[in-house]
Amino acid sequence: MFTRIKGTQDFLDLTLFNFIIDQTKKHLHAYHFTEIATPLVEQSALFKRSLGTETDVVSKEMFIIAPRTQDDEEMCLRPEATAAMVRAFVENNVESTPWQVFTWGPMFRYERPQKGRYRQFHQVSMEVIGAPSILYDVQFIKMLDRFFHERLGINNYALVLNFLGCSADRVAYEEQLKKFLDRAEGICDLCKARKDKNILRIFDCKNEACQALYQKAPVITDALCQQCADEWAQLKNTLELLSVSFVHRPTLVRGLDYYTKTVFEFVSHQLGAQNAFCAGGRYDQLVKHIGGKQDQPSLGAAIGIERLMLVLELVKDKLALPQVQPLHVIIPLSTAQQALALFVADELQAHDLCAQVLLDGASIKSMMRKANKMGAKLCLVLGEDEQRSHEVTVKNMVTGHEERIAQTDLVQYLQG
Ligand code: ATP
Ligand code: MG
């Protein structure tokens, strides 16, 4: 037997998944975002350059596609979409900014699979490229908060926020942090390695002793230049003005190198260890970093669809999920009525009525049982008698009520 590739899933019921995508599209259109699509494969170099080579994603999670010829560049399945969307912005010479776009689809990371963590997972990725004012961040976060709260009716989540400053602030802060770590005793080996390679990531350490120690570490929001300090204050104040609740967590640093200034996560305790179902922030240098002619301060976020689905499980009953169309199962009693059954079904389907014909030639009893299992609302029975009189016996599968309807009146009867 063949099995799924580890960390991938089969979706046999896409109702909730599609509902999320539909609601996302509705919501984002109201904020004037345009849906775009970029390839699932990109040059590996794009992600090395944008996310950073010392990040988990690039150093150990990439799905690399081996080059076939010497001339092929190394490709990979995209681990995230922001870098690809920025590449598209630069490559297509988009001129009108802010460029407000979104895309959704599968992402690939070679991770250890567990609850809420897959090797193929799905994201909605939203970007605002060319948006220098920090008030864009407020508008963007409010948009997400309204989406989760109002459109999806989720209440049990928190918005966690931090501010990483500009690159000059980062350099100065990293120096401070390094000094702190030089003096600190008993940090784990991973943190020791991160100290030299990607120092901010020490805050993601799972080791309790390290975490206890980092409670006393210098705080990045205390080390901001005047302009960043003002922006950080404006961000917090304006979010409050718009009634967005948030928690400031000084150790929130996010895993990718391209972030500057604002970083945030929407988290739910319901999710356990992998508690973030949406994450994002500002990336002021990325456009130029991957080849744009000029700086385009930007921001973005990604929603993890599988994790959002887990959060929504609890409130599922309150969601206005699309109604399943009533099913009409057409039952020809013998092979002599099978062609007629197809003809009747064709007429229903042409009028957008959901119909399925049972063509197995089984007994009426077993076909009725099958129709019931399929969730039929009505069975349309065609026997010799019905064929002769140009009628159909319509059986209501809930009440058991039966009546004879002329074949020519059937569509009107079912629509009524
Ligand atoms: P985490 O800390 O959970 O590893 P991350 O920082 O790697 O997340 P991002 O790259 O910012 O996550 O992706 C944004 C969102 O995508 C996450 O908040 C999460 O909801 C979802 N996500 C990330 N990786 C996975 C995965 N392997 N499986 C399912 N969802 C994921
Ligand atoms: Mg991760």
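Below, the structure is looked at part by part. All of these numbers come straight from a predicted model, not from anything done at the bench.

What counts as what
Residues numbered from 1 in each chain as written. Chains lettered and ligands numbered in written order. Predicted model: local features only at pLDDT ≥ 70, side-chain atom pairs only at ≥ 80, totals over all residues. Heavy atoms only, no water. Near = heavy atom within 4 Å. Polar contact = N/O pair within 3.5 Å; in protein donor to acceptor, adjacent residues only side chain to side chain. Helix = DSSP H or I, 4+ residues; strand = E, 2+ residues; numbered from the N terminus. Phe/Tyr/Trp six-rings, centres within 6.5 Å; stacked < 30°, edge-to-face > 60°. Buried < 20%, exposed > 50% of the residue type's maximum accessible area, 1.4 Å probe, protein only. Lys NZ or Arg CZ within 6 Å of the ring centre and 35° of its normal. Salt bridge = Lys/Arg side-chain N within 4 Å of Asp/Glu carboxyl O. Core = buried A, V, L, I, M, F, W, Y, C linked by side-chain atoms within 4.5 Å. Contact = heavy atoms within 4.5 Å. Pairing = 2+ DSSP bridges. Axes fitted to C-alpha atoms, helices over the stretch in contact; angles between N-to-C directions. Parallel < 35°, antiparallel > 145°, perpendicular 65-115°, else oblique. Arc of directions from axis to C-beta.

The subject of this paragraph is the site of ligand 1. Taken together, 15 residues lie near ligand 1, and Arg109, Glu111, Tyr118, Arg254 and Ala276 sit nearest. Measuring from an oxygen atom of ligand 1, one finds a side-chain N or O atom of Arg109 at 2.7 Å. Gln123 is positioned such that a nitrogen or oxygen atom in its side chain is 2.9 Å from an oxygen atom of ligand 1. Those elements giving two or more residues to the shell around ligand 1 turn out to be strand E6 (120-129), strand E10 (276-282) and strand E11 (298-304).

The subject of this paragraph is the packing of aromatic side chains. Two descriptors summarise a pair of aromatic rings, namely the distance from one centre to the other and the angle between the planes of the rings. A complete count under the given rule lists 19 aromatic pairs for this structure. When the centroid spacing of 5.4 Å and the interplanar angle of 65° are considered together, the rings of Phe11 and Phe17 count as edge-to-face. A relative accessible area of 4% means that Phe17 is categorised as buried. Here a set of aromatic residues connected by ring pairs shows up, and it is made of Phe33, Phe140, Phe147, Phe148, Tyr157, Phe264, Phe266 and Phe277. Seen from the ring of Tyr110, Arg119 lies directly overhead, with NZ or CZ sitting 3.8 Å from the centre.

As enumerated under the stated definition, the model contains 23 salt bridges in all. A salt bridge links Asp189 to Lys192; the nearest nitrogen and oxygen atoms lie 3.8 Å apart. Of this pair, Asp189 and Lys192 both sit in helix H7 (residues 189-197), separated by three residues, roughly a single helical turn. When the shortest N-O distance is used, the salt bridge between Asp284 and Arg282 registers 2.9 Å. Through salt bridges with shared partners, a single network forms among Asp137, Glu231, Lys261, Arg282 and Asp284.

Counting residues in hydrophobic clusters, the biggest one holds 51 residues, and the most contacted among them are Phe47, Leu177, Cys191, Phe203 and Tyr214. Looking at which element gives the most residues to this core, the answer is helix H4 (residues 82-91), with five residues. Those residues in contact with Cys191 that sit more than four places away from it in its chain are Ile202, Cys205, Cys210 and Tyr214. Counting residues in each nonpolar core, the second largest holds 48 residues, with Phe17, Phe147, Leu224 and Leu312 among its members.

Moving on, we come to the sheet that holds strand E15 (residues 391-396). The strand order E13-E12-E14-E15-E16 describes an open sheet built from five strands, whose pairing is mixed. What marks the edges here is a single partner per strand, and that holds for strand E13 (354-357) and strand E16 (402-406). Across the sheet, the mean angle separating the axes of adjacent strands is 25° when strand polarity is ignored. Relative to E16, E15 runs antiparallel, the two being bridged by five bridges. Each residue of the ladder has a partner; that of Lys395, found in E16, is Glu402. Contacting strand E12 (327-332), strand E14 (378-382) and E15, helix H13 (residues 364-373) runs over the sheet at an angle of about 165° to E12.

Once that is clear, we can look at the packing of helix H1 (residues 15-30) against helix H11 (residues 305-312). Packing of H1 against H11 leaves a shortest axis separation of 10 Å and a crossing angle of 110°. It follows that H1 is roughly perpendicular to H11 by the angle criterion. Between H1 and H11, the residues in contact are Leu16, Phe17, Ile20 and Ile21 and Ile305, Leu308, Met309 and Leu312, respectively.

Turning to the pairing of E13, a few remarks are in order. Of the two faces of E13, only one is covered, namely that formed by Ala355 and Val357; the face formed by Cys354 and Gln356 stays uncovered. With four bridges joining them, E12 and E13 adopt parallel strand pairing. By the bridge assignment, Ile330 is partnered in E13 with Val357.

This next bit is on H7. Considered for burial, the residues of H7 that qualify are Cys191, Arg194 and Lys195. The buried side chains of H7 occupy one side of the element, clustering within an arc of 110° when seen end-on. Of the exposed residues in H7, those oriented more than 90 degrees away from the buried face are Asp189, Asp196 and Lys197.

Another point: the side chain of Gln23. Following the sequence through the fold, Gln23 ends up in helix H1. Given a relative accessible area of 12%, Gln23 falls into the buried group.

Overall, mixed pairing links the eight strands, which are arranged E1-E5-E6-E11-E10-E9-E7-E8 in an open sheet. Only two strands of the sheet have a single partner each, and these edge strands are strand E1 (34-35) and strand E8 (247-248). Two elements, E10 and E11, share five bridges in a ladder whose sense is antiparallel. Along E11, the bridge assignment pairs Cys278 with Ile303. Packed onto the sheet, H4 meets strand E5 (99-108) and E6 and runs at close to 40° relative to E6.

Turning our eyes to something else, we now look at the environment of Thr335. One can find Thr335 in the loop between E12 and helix H12 (338-350). When the C-alpha positions of Thr335 and His390 are compared, they lie 17 Å apart, and in sequence the two are 55 residues distant.

Keep in mind these numbers describe shape, not what the thing actually does.
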